[in-house]
Each structure stands twice: as structure tokens, then as C-alpha cells.
Amino acid sequence: SVYVGYSRVAGEKQVRKILITRQNQEWSELVKIFDSFNSKFYQLDHTGTPLIWYRGVANFSLNHVEEAFGDFKKAYHNHPNHVHVLNNLATVYELRNNHEQAINLYIKAINIAPKFEDALINLSAVYYNSGQYQKAYKTIRKVRYDQNNSKLLFYLDRIQKKIKFQ
């Protein structure tokens with residue numbers, strides 16, 4: 001029990017470093033911290049987020065998409081109902097042209113958190129990119145309108161133009 005306790009305390013310190021480097025967007029440093037961290041007893045942070053997800057976000061931000069894909073798949077294995085894990089894994093599936101898997105994961109995230117705007121916008125984008133403009137519009141209309149949300153405005157404008165010309 002002493003070993004497990006020590007591992008948990010060491011894990012807390014590493015997680016604090018990971019969270020700070022994520023907040024500062026120091027992606028390479030985050031990967032280094034994560035890679036130096038090895039604890040079988042500490043797979044999730046205090047919010048239930050798989051620690052490997054943070055590494056995936058860093059790798060994705062560094063444009064290491066294949067590494068991020070592996071990280072997000074591991075995070076999904078650790079917590080298959082975490083909406084951010086689902087959203088990020090779906091995004092990588094979409095980048096890999098696996099639209100069906102991306103759609104399934106976005107829908108799963110939305111079923112868990114119906115107002116999760118990132119997943120709604122991303123699902124709408126997948127529908128838009130695959131020519132399903134009515135589905136894209138119906139999905140994006142579920143997002144609370146915010147004139148400061150550039151991603152929402154971008155897709156809403158594109159979708160409305162496509163629907164208008166159909």
C-alpha cells in the first residue's frame with residue numbers, strides 16, 4: 001500500500017505538470033512529461049479524463065496525427081464515454097476519411113451530452129463535407145448561436161449557401 005500511495009502522489013505531481021503545460025500550450029513539453037510518467041495506478045485525472053488524452057491533444061496540436069490517433073484510441077479504451085475523447089477520436093477518423101466511424105463517435109458524444117457544441121459542429125461539418133446539407137443544417141441548428149464562435153459561423157454560412165442553391 002505504501003508503493004501504491006507513493007505512486008498516486010507522484011502521479012498527482014505529474015498531472016499538475018501536464019495540466020499546466022496544456023494550459024500554456026507547450027505541446028512538446030507535455031509529450032515529454034507524459035512520456036516520463038509511468039504509473040499503472042494513475043490512468044485518469046481528477047475529472048475522469050484519461051491522461052493519454054492530453055498526450056493525444058498535444059500530438060494533434062503538433063500535427064502528429066498518427067500518434068494522436070493512437071493516443072485517442074487508448075484514451076477511448078480507458079474511458080469510452082468521455083465526450084472529449086469521443087470528439088477527438090472522431091475528428092481523427094474523419095481526417096483518415098473514415099466518415100462512418102467519425103459520425104458514429106460524434107453521435108455517441110452527442111447522445112451523452114446533447115448540447116456539446118464541438119461535437120455538434122464537427123458532426124455538421126462531416127455531413128456538409130459528404131454532401132448531406134440538410135442533415136448538416138439540422139445538426140448545426142442545435143448549437144446555441146454565438147456571433148463570437150467563428151467555427152459555428154463558418155459552417156452555418158456555408159451550409160445555408162448550399163441549401164439555398166439546391
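Rules of the game
Residues numbered from 1 in each chain as written. Predicted model: local features only at pLDDT ≥ 70, side-chain atom pairs only at ≥ 80, totals over all residues. Heavy atoms only, no water. Buried < 20%, exposed > 50% of the residue type's maximum accessible area, 1.4 Å probe, protein only. Helix = DSSP H or I, 4+ residues; strand = E, 2+ residues; numbered from the N terminus. Arc of directions from axis to C-beta. Phe/Tyr/Trp six-rings, centres within 6.5 Å; stacked < 30°, edge-to-face > 60°. Lys NZ or Arg CZ within 6 Å of the ring centre and 35° of its normal. Core = buried A, V, L, I, M, F, W, Y, C linked by side-chain atoms within 4.5 Å. Contact = heavy atoms within 4.5 Å.

K.L.:
Help me out: how do you make sense of helix 2 (residues 27-36) in this one?
P.N.:
One turn of the α-helix equals 3.6 residues, which is why residues spaced by three or four share an orientation. Restricting attention to buried positions, one finds in helix 2 the residues Trp27, Leu30, Val31, Ile33 and Phe34. Burial along helix 2 is one-sided: seen end-on, the buried residues are contained in an arc of 165°. Opposite the buried face of helix 2, by more than 90 degrees, sit the exposed residues Lys32 and Ser36.

K.L.:
Explain unusual backbone geometry to me, please; I cannot follow it from the model alone.
P.N.:
The residue Asn63 is not glycine, and still its phi comes out positive at about 65°. Position of Asn63 among the secondary structure elements: in the loop between helix 3 (51-61) and helix 4 (65-78). One non-glycine residue, Asn97, adopts positive backbone phi at about 65°.

K.L.:
Teacher, can you tell me more about the packing of aromatic side chains here?
P.N.:
The way to describe two aromatic rings as a pair is by their centre distance and the angle between their planes. Scanning the entire structure with this criterion turns up 5 aromatic pairs. Seen from their ring centres, Phe154 and Tyr155 are 5.0 Å apart, and the 85° between their planes marks the pair as edge-to-face. You can call Phe154 partly exposed: its relative accessible area is 39%. Here Tyr155 falls in the buried class, since its relative accessible area comes to 16%. Following the ring pairs from residue to residue traces out a cluster consisting of Tyr128, Tyr133, Phe154 and Tyr155. Above the face of the Phe69 ring, Arg96 is positioned so that its terminal group lies 4.0 Å from the ring centre.

K.L.:
Help me understand the nonpolar core in this model?
P.N.:
Proteins that are soluble and globular tend to have nonpolar side chains buried together. If you look at the biggest cluster of nonpolar residues, it comprises 49 residues, and the most contacted ones within it are Leu51, Trp53, Phe72, Tyr106 and Tyr155. Ranked by residue count, the leading element in this core is helix 7 (residues 117-129), at 8 residues. For Tyr155, the residues in contact, after removing those within four places along its chain, are Ile121, Ala125, Tyr128 and Ile140.

By themselves, these figures tell us nothing about what the structure is for.
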